[in-house]
Amino acid sequence: MDPASRFAVLVEALATRPGVGPPGASGRRGFGSAALTIDGSIFAMVVGGAVVLKLPRHRVEGLVAAGTGLPFAAVNGTPMREWIALDHGTPESDLALAEEAMAFVASRRRS
């Protein structure tokens, strides 16, 4: 399944959860305009042929070490330590990680 289809499954599964905004709902333009958000903050998106999620740094490092994904880098090549690009996966594994990302981002908003 291609990343856009995998992301569509995430949108369908998560968009009705409290505080979650589907792609386009935030009114953003450019970066993040096609992302899933929780309370206005991005937690999942598709970029460069990968599903990209925001997770704690230690979790990203563990997933990269396990071969689950690759570190996500900004356009200028700077690694973003709390973001992982899942270049492969299943809807089930993507959903579990996206729920983890959603909880992580939501917890940071309340801090």
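That block above? That's the structure.
Residues numbered from 1 in each chain as written. Predicted model: local features only at pLDDT ≥ 70, side-chain atom pairs only at ≥ 80, totals over all residues. Heavy atoms only, no water.

**Student:** Just to check I follow, could you spell out the side chain of Asp 94 for this structure?
**Tutor:** Topologically, Asp 94 is positioned in helix α3 (residues 91–110). Judged by relative accessible area, which is 1%, Asp 94 ranks as buried. (Helix = DSSP H or I, 4+ residues; strand = E, 2+ residues; numbered from the N terminus. Buried < 20%, exposed > 50% of the residue type's maximum accessible area, 1.4 Å probe, protein only.)

**Student:** Explanation requested: the nonpolar core in the structure shown.
**Tutor:** The tendency in soluble globular proteins is for nonpolar side chains to be buried side by side. Counting 23 residues, the largest nonpolar core has Leu 36, Ile 38, Phe 43, Leu 53, Leu 55 and Ile 84 as its most contacted members. Where this core is concerned, the elements lending two or more residues are α1 (3–14), β2 (36–38), β3 (41–47), β4 (50–54), α2 (57–65), β6 (79–86) and α3. Ranked by the residues each element gives to this core, the list is headed by α3, at seven residues. If sequence neighbours within four positions are ignored, Leu 53 has contacts with Phe 43, Ala 44, Glu 82, Trp 83, Ile 84, Leu 86, Leu 97, Ala 98 and Ala 101. In terms of nonpolar packing, the next biggest core, distinct from the first, is built from eight residues, Ala 35, Ile 42, Met 45 and Val 52 among them. (Core = buried A, V, L, I, M, F, W, Y, C linked by side-chain atoms within 4.5 Å. Contact = heavy atoms within 4.5 Å.)

**Student:** What's the story with the sheet that holds β6 in this structure? I'm lost.
**Tutor:** Each strand in a sheet pairs with its neighbour through backbone hydrogen bonds, running either in the same direction (parallel) or in the opposite one (antiparallel). Sheet architecture is open: six strands sit in the order β1-β2-β3-β4-β6-β5, paired in antiparallel fashion. Two strands close off the open sheet at either side, each with one partner strand: β1 (20–21) and β5 (70–73). In this sheet, β6 lies alongside β4 in antiparallel orientation, the contact comprising four bridges. The residue bridging Lys 54 from the neighbouring strand is Trp 83, located in β6. Of the strands in this sheet, β1, β2, β3, β4 and β6 are in contact with α1, which crosses β3 at around 150 degrees. Strands β5 and β6 of the sheet are contacted by α2, whose axis makes an angle of about 45 degrees with β6. (Pairing = 2+ DSSP bridges. Axes fitted to C-alpha atoms, helices over the stretch in contact; angles between N-to-C directions.)

**Student:** It is not clear to me how the pairing of β6 should be interpreted in this structure. Could you clarify?
**Tutor:** A regular strand places its side chains on the two faces of the sheet in alternate fashion. Summarising the sheet, β5 and β6 pair through three bridges and their orientation is antiparallel. Pairing of Pro 71 across the sheet is with Ile 84, part of β6.

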